[in-house]
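Each chain, letter by letter, is given below.
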Amino acid sequence: MTISHAEKQTRIDLASAYQLAAVKAWDDGIYTHISACVPDEAGAYLINQFGLRFDEVSPENLVKVNLQGEILSGLGPVNKSGFAIHGAVHSTRPDAFCVMHLHIDSIIAVSAQKKGLLPISQHALRFYGDIASHPYQGLALSAAEQGQLIATLENKKALLLQNHGAIVCGSSIQQAFYLMDVLDKACKIQLLAGSAENIIIPEHDVCRLTYEQLCSDGDSEGQFEWPAYLGLLNATSQKNEGDD
């Protein structure tokens, strides 16, 4: 299969995101997905082969699909129902080059809390006004629910799926991974903080200012951190090889 240099790099970055997610224990068996647009190929996306663990994903075994989850190239199978969320977001959010949908324990726990993510940490303030919440409606994502999900997400970077997990949209794979990492930590901090009655919440103006400061990198967000993430992945791989 002949691919462009841009697609090759996207495959490398996306496979790295999967493997890093495994290092951080963000995987859920063979479920959940990270998808990315294929550069210069409208309507084409890369996603993991269904049945592989995240640590088994490589640039070569990523599958190219269309918005319906139908295979354009590569070996299947593909989890079409799992891609339904990704297809819905990609179809309406051209800015979402990468869409991450994960079942991270800390995020599921916070998604089940009535007030959702609270602005009680600097990490949570990255999502101040930039995260929405979607009610749980069962396993299958119907066409009607897809419309509701997209309407709730709007142009926000993140969506808490109540009792389920989260969606994060990134203008790059690097940004999406970084934002999921920040969201995970924000949720862990909230769970550690305990009862909401005893939590200090900064004033609105301070929260808004901090959000703007944290977003000052714009589309470069995550790019500065990416080499450090890859360093973690390399160090983990070397350790595992040493243990063998």
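Residues numbered from 1 in each chain as written. Predicted model: local features only at pLDDT ≥ 70, side-chain atom pairs only at ≥ 80, totals over all residues. Heavy atoms only, no water.

Engineer: Just give me the short version of helix α1 (residues 5–23), but keep the residues and values in it.
Structural biologist: The terminal C-alpha atoms of α1, which comprises 19 residues, lie 27 Å apart, in line with the 27 Å expected from a rise of 1.5 Å per residue. Within the sequence span of α1, burial applies to Glu7, Thr10, Arg11, Asp13, Leu14, Ala15, Ser16, Ala17, Tyr18, Leu20, Ala21 and Ala22. Those residues of α1 that are buried lie in contact with β1 (33–37), β2 (45–47), β3 (63–65), β4 (71–73), α6 (173–193) and α8 (226–243). Where α1 ends, the next residue or the one after it, Ala25, has phi of about 60°, a positive value. (Helix = DSSP H or I, 4+ residues; strand = E, 2+ residues; numbered from the N terminus. Expected span 1.5 Å × (residues − 1). Buried < 20%, exposed > 50% of the residue type's maximum accessible area, 1.4 Å probe, protein only. Contact = heavy atoms within 4.5 Å.)

Engineer: How would you explain the packing of α1 against α6 if you had to name every residue and give the values?
Structural biologist: The interhelical angle for the contact between α1 and α6, taken along N-to-C directions, is 15°, at an axis separation of 10 Å. Our classification of the angle between α1 and α6 gives roughly parallel. As α1 packs across α6, the resulting crossing turns out to be right-handed. Judged by residue contacts, Thr10, Asp13, Leu14, Ala17, Leu20 and Ala21 of α1 engage Ile173, Gln174 and Phe177 from α6. When grouped by side-chain class, the residues that make up the contact of α1 with α6 number six nonpolar, two polar and one charged. (Axes fitted to C-alpha atoms, helices over the stretch in contact; angles between N-to-C directions. Parallel < 35°, antiparallel > 145°, perpendicular 65-115°, else oblique. Left-handed = near helix turned anticlockwise from the far one by under 90°. Nonpolar A, V, L, I, M, F, W, Y, C, P; charged D, E, K, R; others polar.)

Engineer: Explain the pairing of strand β5 (residues 98–102) to me, and be specific about the residues and the numbers.
Structural biologist: Across the five residues of β5, five count as buried, placing the element largely inside the fold. Burial of the side chains of β5 extends over both faces: Cys98, Met100 and Leu102 are buried on one face and Val99 and His101 on the other. Strand direction decides the pairing type here: β1 and β5, joined by four bridges, are antiparallel. Residue pairing for β5: His33 is matched across the bridge by His101. Sheet topology note: the β5/strand β8 (residues 165–170) ladder contains five bridges and is antiparallel. (Pairing = 2+ DSSP bridges.)

Engineer: With reference to specific residues and values, describe the pairing of strand β7 (residues 158–161).
Structural biologist: A two-sided burial pattern is seen for β7, the buried positions comprising Ala158 and Leu160 on one face and Leu159 and Leu161 on the other. Of the strand pairs in this sheet, strand β6 (residues 131–134) and β7 are connected by four bridges, and their pairing is parallel. If you follow Ala132 over to β7, its bridge partner there is Leu159. Handedness of the crossover is the feature at issue here: the chain leaves β6, passes through helix α5 (residues 143–153), returns alongside β7, and the resulting connection is right-handed. A loop of three residues connects β7 with β8, the two strands running antiparallel in sequence, and Asn163 in this loop sits at a positive phi of about 60°. (Right-handed = clockwise from strand over helix to strand, strands pointing away.)

Engineer: Which residues make up unusual backbone geometry, and what are the values?
Structural biologist: The amide bond that connects Gly76 to the next residue, Pro77, takes the cis arrangement and shows omega of 0°. Backbone geometry places Asp40, a non-glycine residue, at a positive phi of 60°.

Engineer: Quick one: what's the story with the packing of aromatic side chains, residue by residue and with numbers?
Structural biologist: Within the structure shown, the criterion is met by seven aromatic pairs. Ring centres of Phe177 and Trp226 lie 6.0 Å apart, and the angle between their planes is 75°; on these two criteria the pair is classed as edge-to-face. With Phe177 in helix α6 and Trp226 in helix α8, the pair connects residues that are 49 residues apart, well separated along the chain. Judged by its relative accessible area of 0%, Phe177 falls in the buried class. Under the relative-accessibility criterion, Trp226 is labelled buried at 5%. Taken together through their ring pairs, the aromatic side chains of Trp26, Phe177, Trp226 and Tyr229 make up a single cluster. Above the face of the Phe127 ring, Arg126 is positioned so that its terminal group lies 5.7 Å from the ring centre. (Phe/Tyr/Trp six-rings, centres within 6.5 Å; stacked < 30°, edge-to-face > 60°. Lys NZ or Arg CZ within 6 Å of the ring centre and 35° of its normal.)

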